[in-house]
Amino acid sequence: MVRTVFGKQLQRILRFVLRVLLAILRLPLRALPWTIGLRVGAGLGAAAYVILGKERRRAIDQLRLALGGERSVRECRQIAFRSFCNLGRTFYEVLNLDRIDRRELDRRVRFEGEEALKAAVSPGRGVLFVTGHVGNWEWMGAAVAMRYPLAVVAAPIYDPLVEDVMIRLRAAHGIETLVRDSPGSVKRLIRMLRAGGVVGLLIDQDTKADGVFVPFFHREAYTPAGAARLAFRAGASVVVGFILREGRDRHRVVIQGPLDLRETGDADRDIREATARFTKLIEDQIRETPDQWIWMHRRWKRQPPATSAPETPPA
């Protein structure tokens, strides 16, 4: 009990520190030349790797659980470090999202497989754009919004200030933010899909959203099922896409689909199988670019009742 209370107090302190850092660093970071800003962002990520011991150990442990048979311990540590650096660069880029105009965004982000998205879009039938926290996912949203009306489903953020900043940064590129579980959000989603819009969903985290257990790196992981439910309920097309960092300041969006989802009449089974299929595509991309995913997130936090959590590999 004492440990739980202490943990919650520490979490509140960390959140307060993050809020203060955001308020202090936002203006100076936005004033930096782009190349220097990216280096500073990577430096902040590297500092976080050193300072945040719990998150660093979790990232390395989860890499060893997922890729232990494919990567050495040293490689897992290197990937974890680069993952933190990538997140630092992403932090800098997102802070400047509203300063990047359409022409500059188009210069920095190229599309591969855009024909998949074009094929999925049709009058009266919207598109669910399923993705994960790979690369700079916020920039991918801005790049897609240049081409199609876009709304994104976002989890509630613990701090109203941070949430307001994110909503305004997305809105600068015409992106509507639909906060999960907010009043009217589901109806708004259905209306947008039936009007032929694109809705983006991130499904690679163990969150409070309604979900199912599906395999992720050969282990059961609790995964949001909203994308599959919406696809069947609204009759929407589904594509899966990612944004990958290339070089110092370039990005590439890759898109697959539209996916053919099978309906058997067993709704629970259909939703689970569709969610597993989406998750497998996310896993495949993470295997290709492991240093661009957020390994510090507790992806296997929950396990099915009859299954114990996977053990941490020996040091």
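This one's a predicted model, so the numbers in the text were calculated from it and none came from an experiment.

(A) Spotlight on the overall build of the protein chain. In terms of helices and strands, the protein chain carries 11 helices and nine strands. For a compact globule of 315 residues, the expected C-alpha radius of gyration is about 20 Å, and the protein chain comes in at 19 Å, within 12% of that figure. With the C-alpha coordinates of the protein chain rotated into their principal frame, the extents come out at 50 × 50 × 40 Å. Sequence-distant contacts, at least 24 apart, represent 77% of the contacts inside the protein chain between residues at least 6 apart. Of the accessible surface of the protein chain, which amounts to about 15,900 Å², a share of 55% is contributed by carbon and sulfur atoms. Charged side chains of the protein chain number 52 positive and 35 negative; the gap between the two group centres comes to 5 Å.

(B) Looking closely at the packing of aromatic side chains. Summed over the entire model, instances satisfying the criterion amount to 10 aromatic pairs. Both rings, one in Tyr49 and one in Phe84, keep their centres 5.4 Å apart while their planes meet at 80 degrees; by these two values the pair is edge-to-face. With Tyr49 in helix 2 (residues 34-51) and Phe84 in helix 4 (residues 73-95), this residue pair connects regions lying 35 residues apart in the sequence. Phe84 matches Tyr49 in its accessibility class, with the two residues each being buried. Among the aromatic side chains, those forming a connected cluster through ring pairs are Phe216, Phe217, Trp293, Trp295 and Trp300. One Lys or Arg, Arg56, reaches over the ring of Tyr49 and ends 5.7 Å from the middle of that ring. Of note, Arg302 hangs over the ring of Tyr222, and the distance from its end group to the ring centre comes to 4.0 Å.

(C) Seen up close, the nonpolar core. Among the nonpolar cores identified, the biggest contains 54 residues, and Leu128, Phe278 and Trp295 are the most heavily contacted of them. In this structure Phe278 touches Val130, Ile203, Ala227, Ala228, Val238, Val240, Leu259 and Leu261, once residues within four positions along its chain are discounted. Ala116, Tyr148, Leu150 and Ile175 belong to the second-largest nonpolar core, a separate cluster that totals 35 residues.

(D) Highlighting the side chain of Asp204. Looking at the secondary structure, you find Asp204 in the loop between strand 5 (198-202) and strand 6 (211-216). Of the side chains with opposite charge, Arg299 lies nearest to the buried Asp204, which makes no salt bridge, at 6.3 Å. There is a polar contact of 2.7 Å between the side chain of Asp204 and the side chain of Trp293. When neighbours within four sequence positions are excluded, Asp204 is seen to be in contact with Gly132, His133, Ile282, Trp293, His297 and Arg299.

(E) Geometry of the packing of helix 10 (residues 226-234) against helix 11 (residues 267-288). Taken N-terminus to C-terminus, the directions of helix 10 and helix 11 make an angle of 120 degrees; their axes are 8 Å apart at the nearest point. It follows that helix 10 is oblique to helix 11 by the angle criterion. The handedness of the crossing between helix 10 and helix 11 comes out as right-handed. Contacts between helix 10 and helix 11 involve Ala227, Ala228, Arg229 and Phe232 on the former and, on the latter, Asp270, Ile271, Ala274, Thr275 and Phe278. Among the residues making up the contact of helix 10 with helix 11, the classes are represented as six nonpolar, one polar and two charged.

(F) How the structure looks around the pairing of strand 2 (residues 127-131). Of all five residues in strand 2, five are buried; the element is thus mostly enclosed. The sheet contact formed by strand 2 and strand 5 spans five bridges and is parallel. Across the sheet, the residue bridging to Leu128 is Val199, located in strand 5. Here strand 2 pairs with strand 8 (residues 237-246) via four bridges, running parallel.

(G) Focus on the pattern of salt bridges. Under the criterion given, the structure shown has 22 salt bridges. Note that Lys280 is salt-bridged to Asp284, the shortest N-O span being 2.6 Å. Taken together, the positions of Lys280 and Asp284, both in helix 11 and four residues apart, correspond to about one turn of that helix. The class for Asp284 is partly exposed, based on a relative accessible area of 28%.

(H) Here's a closer look at a positive patch on the surface. Taken together, Lys54, Arg57, Lys208, Arg298 and Lys301 make up a surface patch of like positive charges. Here Arg298 lies in the segment after helix 11. Owing to a relative accessible area of 41%, Arg298 belongs among the partly exposed residues under this scheme.

(I) Layout of a nonpolar patch on the surface. Together, Ile36, Val40 and Leu44 line one region of the surface with nonpolar side chains, adding up to about 200 Å² of accessible area. Within the fold, Leu44 resides in helix 2. The class of Leu44 is partly exposed, set by a relative accessible area of 33%.

Quick notes on the rules
- Residues numbered from 1 in each chain as written.
- Predicted model: local features only at pLDDT ≥ 70, side-chain atom pairs only at ≥ 80, totals over all residues.
- Heavy atoms only, no water.
- Helix = DSSP H or I, 4+ residues; strand = E, 2+ residues; numbered from the N terminus.
- Rg over C-alpha atoms; globule rule 2.2 N^0.38 Å.
- Contact = heavy atoms within 4.5 Å.
- Areas by Shrake-Rupley, 256 points an atom, 1.4 Å probe, with all protein chains shown as cover.
- Lys, Arg positive; Asp, Glu negative; His and termini not counted.
- Charge placed at Lys NZ, Arg CZ, Asp CG, Glu CD.
- Phe/Tyr/Trp six-rings, centres within 6.5 Å; stacked < 30°, edge-to-face > 60°.
- Buried < 20%, exposed > 50% of the residue type's maximum accessible area, 1.4 Å probe, protein only.
- Lys NZ or Arg CZ within 6 Å of the ring centre and 35° of its normal.
- Core = buried A, V, L, I, M, F, W, Y, C linked by side-chain atoms within 4.5 Å.
- Salt bridge = Lys/Arg side-chain N within 4 Å of Asp/Glu carboxyl O.
- Polar contact = N/O pair within 3.5 Å; in protein donor to acceptor, adjacent residues only side chain to side chain.
- Axes fitted to C-alpha atoms, helices over the stretch in contact; angles between N-to-C directions.
- Parallel < 35°, antiparallel > 145°, perpendicular 65-115°, else oblique.
- Left-handed = near helix turned anticlockwise from the far one by under 90°.
- Nonpolar A, V, L, I, M, F, W, Y, C, P; charged D, E, K, R; others polar.
- Pairing = 2+ DSSP bridges.
- Patch = residues over 30% accessible without salt bridge, like charges linked within 9 Å, V, L, I, M, F, W, Y side chains within 5 Å.

Take it as geometry only, folks, not as evidence of what the structure does.
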